[in-house]
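A look at the structure
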Amino acid sequence: MQAKVSWHNDNTFIGTSGSGHSVVFDGNKENSTAPSPMEMVLMAAGACSSVDVVSILKKARQQVLDCEVQLSAERADTVPKVFTSLHLHFVVSGINLSEKQVERAVQLSADKYCSVSIMLSGSVKVSHSFSVKAAQLNTTA
């Protein structure tokens, strides 16, 4: 896997993945125009784990309609201001979802599949939780 990051201006950089996709990073404390590198790490953990959870639930033939992960992290007070803890809370909605299947999907992601959160767990206290919401079907035409 390869990527490059190029300085754009001020503290703004453009990252380009080996697959050709680009994202903007902004290291400015004030008036930033894009996520900071640490925000990107936080969101990457959520995205990686969400891919796992949705995929596992679909393979289990669960009727998933939405999956959101709410992320919260604490950082060290001193430089380097690394994450000291990270919590991922999944809110999964669908039709007749099995709470047991959602719990299993979140646990499998946490323990086996999510490369990002598992990598971070070597130095960060990573925790997971979930809630299941019944889908609100629109019955009006």
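The structure reproduced in this document is the subject of the present report. Predicted model, so just to flag it, every value in this text is computed and none were measured.

**Focus: the packing of helix α1 (residues 37-59) against helix α2 (residues 99-113)**
In contact at an axis separation of 9 Å, α1 and α2 are set at 135 degrees when each is read in the N-to-C sense. As summarised for this structure, α1 and α2 are arranged oblique, according to the angle between their axes. In this structure, α1 crosses over α2, and the sense of that crossing is right-handed. Mapping the contact onto sequence places Ser49, Asp52, Val53, Ile56 and Leu57 in α1 and Gln101, Val102, Arg104, Ala105, Val106, Leu108, Ser109 and Tyr113 in α2. The residue makeup of the contact of α1 with α2, split by class, is eight nonpolar, three polar and two charged.

**Brief notes about the sheet that holds strand β6 (residues 125-134)**
In any sheet, the strands associate via hydrogen bonds between backbone groups, in a parallel or an antiparallel arrangement. The three strands lie next to each other as β4-β5-β6, forming an open sheet whose pairing is mixed. Strands with a single pairing partner mark the edges of an open sheet, and in this sheet they are β4 (63-75) and β6. Taking the axes of each pair of neighbouring strands and ignoring which way they run, one obtains an average angle of 15 degrees across the sheet. Against the sheet, α1 engages β4 and β5 (83-95), with an angle of about 35 degrees to β5.

**Notes on α1**
Counted at 1.5 Å a residue, the expected span for α1 with its 23 residues is 33 Å, and the 33 Å between its end C-alpha atoms agrees. If you check which residues of α1 are buried, you get Met40, Leu42, Ala45, Gly46, Cys48, Ser49, Ser50, Asp52, Val53, Ile56 and Leu57. Packed against the buried residues of α1 are β3 (22-26), β4, β5, α2 and α3 (115-120). The positive-phi residue at the C-terminal boundary of α1 is arginine 61, with phi of around 60 degrees.

Each value, and the rule that gives it
Residues numbered from 1 in each chain as written. Predicted model: local features only at pLDDT ≥ 70, side-chain atom pairs only at ≥ 80, totals over all residues. Heavy atoms only, no water. Axes fitted to C-alpha atoms, helices over the stretch in contact; angles between N-to-C directions. Helix = DSSP H or I, 4+ residues; strand = E, 2+ residues; numbered from the N terminus. Parallel < 35°, antiparallel > 145°, perpendicular 65-115°, else oblique. Left-handed = near helix turned anticlockwise from the far one by under 90°. Contact = heavy atoms within 4.5 Å. Nonpolar A, V, L, I, M, F, W, Y, C, P; charged D, E, K, R; others polar. Pairing = 2+ DSSP bridges. Expected span 1.5 Å × (residues − 1). Buried < 20%, exposed > 50% of the residue type's maximum accessible area, 1.4 Å probe, protein only.

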